Structures are given as structure tokens and as C-alpha cells.
Amino acid sequence: MRKVRSTNPELINAVNFLKKQSKESNVGIWRDVAERLTKPRRNGIAINVSRLNRYTHKSETVVVPGKVLGTGQIGHPLTVGAFAFSAKARVKIEAAKGKCYSLDDLAKKDPKGSKVKIIG
């Protein structure tokens, strides 16, 4: 496992929580998300709403181990968990009757990670 080299306390707490959740639930998806979050900043993940629209279907649950940005349109409701959302992305997802969660909240809501898709 990669060590967290960030000085961002939110990122450190999120990675530690996801690793703990992975061990407690004996599920690899949260460990994989934690690993992707510990990558260097230059390899960070930023996903536009248009990509979420393109690669998902109605009422899916999606995890983005990075930031969701507001470029593009979304035409169906989604449940999205991400480390961060831009203001426009949050507005567009909620306007499509979707839900935005932090990674911690999504891991608490669905500890087994069933039917969760990682995009990014």
C-alpha cells in the first residue's frame, strides 16, 4: 500500500477511513479508491459531468476518486461519490435528480460497495 504523502487533512482522513472500511467489510473497492487518491497530484483525477453522462445509466452509483467538474450536461439521475465537486457539477447532478456524496458518506451508506462503478 502506498503511503499518503499529502498535507491535506481532508484527503488523509478520507484515505484512512476508506482503508479501514475496506478491512472491516472485507471489500477491495474502497481500498482501490484509497490507492487512487494517494497518487501524486499531477496524476489526479478530474471528471466532467459529460463523461458521467456518457458512461453511466439511469440510477447507477458511481465513485470518482478525485474531483467532479461541471462541463457538459447530464440527462439521468445518478448517485455520485467523489472527493470533491465543483459548484456547477453539484448543481447539474442535483438538477437531474441525482445525489452527491463525499466518499466517506458513500462508503457508510454502502459498506460492501455493491453495484458501485469506479470512473476515473
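Reading the values: the criteria
- Residues numbered from 1 in each chain as written.
- Predicted model: local features only at pLDDT ≥ 70, side-chain atom pairs only at ≥ 80, totals over all residues.
- Heavy atoms only, no water.
- Helix = DSSP H or I, 4+ residues; strand = E, 2+ residues; numbered from the N terminus.
- Rg over C-alpha atoms; globule rule 2.2 N^0.38 Å.
- Buried < 20%, exposed > 50% of the residue type's maximum accessible area, 1.4 Å probe, protein only.
- Areas by Shrake-Rupley, 256 points an atom, 1.4 Å probe, with all protein chains shown as cover.
- Lys, Arg positive; Asp, Glu negative; His and termini not counted.
- Charge placed at Lys NZ, Arg CZ, Asp CG, Glu CD.
- Phe/Tyr/Trp six-rings, centres within 6.5 Å; stacked < 30°, edge-to-face > 60°.
- Lys NZ or Arg CZ within 6 Å of the ring centre and 35° of its normal.
- Axes fitted to C-alpha atoms, helices over the stretch in contact; angles between N-to-C directions.
- Parallel < 35°, antiparallel > 145°, perpendicular 65-115°, else oblique.
- Left-handed = near helix turned anticlockwise from the far one by under 90°.
- Contact = heavy atoms within 4.5 Å.
- 1 Å grid on protein atoms, 1.4 Å probe; cavity = no way out; pocket = protein on both sides within 12 Å on 5 of 7 lines; lining within 4 Å.
- Points joined across faces, edges and corners; volume = space filled by probe spheres on them.
- Nonpolar A, V, L, I, M, F, W, Y, C, P; charged D, E, K, R; others polar.
- Core = buried A, V, L, I, M, F, W, Y, C linked by side-chain atoms within 4.5 Å.
- Pairing = 2+ DSSP bridges.
- Right-handed = clockwise from strand over helix to strand, strands pointing away.

Draft legend 1. Structural view of the overall build of the chain. In terms of helices and strands, the chain carries 5 helices and 5 strands. Helices (α) and strands (β) of the chain occur, in sequence order from the N terminus, as α-α-β-α-β-β-α-β-α-β. Against the compact-globule benchmark of 14 Å for 120 residues, the chain has a radius of gyration of 14 Å, which places it among compact chains. For the chain, the spread of C-alpha atoms along the three principal axes comes to 35 × 30 × 20 Å. Split into buried and exposed, the 120 residues of the chain put 42% on the buried side. Entry remark: accessible area of the chain is about 7,100 Å², with carbon and sulfur atoms responsible for 47%. Looking at charge distribution, the chain has the averaged site of its 25 positive side-chain charges lying 6 Å from that of its 9 negative ones.

Draft legend 2. Inspection of the packing of aromatic side chains at higher detail. Considering all chains together, one arrives at 0 aromatic pairs under this definition. The positively charged end of Lys108 is found above the aromatic ring belonging to Phe17, 5.6 Å away from the centroid.

Draft legend 3. Highlighting the packing of helix α1 (residues 9-25) against helix α2 (residues 28-37). Running from N to C, α1 and α2 point in directions that differ by 155°, and their axes come no closer than 7 Å. Overall, the two elements α1 and α2 adopt an arrangement that is roughly antiparallel. Considering the relative orientation of α1 and α2, their crossing is left-handed. Contacts from Leu11, Val15, Leu18, Lys19, Gln21 and Ser22 of α1 reach α2 at Gly28, Trp30, Arg31, Val33, Ala34 and Leu37.

Draft legend 4. Here's a closer look at the layout of surface pockets. Space inside the largest pocket adds up to approximately 500 Å³. If you list the elements that add at least two residues to the lining of the largest pocket, you get α2, β2 (61-69) and β3 (79-85). Among the elements that line the lining of the largest pocket, the one with the most residues is β2, at 3 residues. Of the residues that constitute the lining of the largest pocket, the class distribution is 9 nonpolar, 6 polar and 6 charged.

Draft legend 5. A look at the side chain of Ser22. As for its placement among the helices and strands, Ser22 is situated in helix α1. When near neighbours in sequence (up to four residues on either side) are disregarded, Ser22 contacts Val27, Gly28, Trp30 and Arg31.

Draft legend 6. Region of interest: the nonpolar core. If you look at the biggest cluster of nonpolar residues, it comprises 17 residues, and the most contacted ones within it are Leu52, Val64, Val68, Val80, Phe85 and Ile93. Elements with a contribution of two residues or more to this core: α3 (49-55), β2, β3 and α4 (87-95). Discounting residues that sit within four places of it in the chain, Val68 has contacts with Ile47, Val49, Leu52, Val80, Ala82, Ala84, Phe85, Ser86, Ala89 and Ile93. The next biggest cluster of nonpolar side chains, apart from the first, holds 16 residues, and it includes Leu18, Trp30, Ala34 and Leu103.

Draft legend 7. Examining the pairing of β3 more closely. Among the 7 residues that make up β3, 5 are buried, leaving the element largely enclosed by the rest of the structure. Two elements, β2 and β3, share 6 bridges in a ladder whose sense is parallel. Residue pairing for β3: Val63 is matched across the bridge by Gly81. With α4 bridging β3 and its parallel neighbour strand β4 (residues 99-102), the resulting β-α-β unit is right-handed.

Function-wise, these values are silent; they only describe arrangement.
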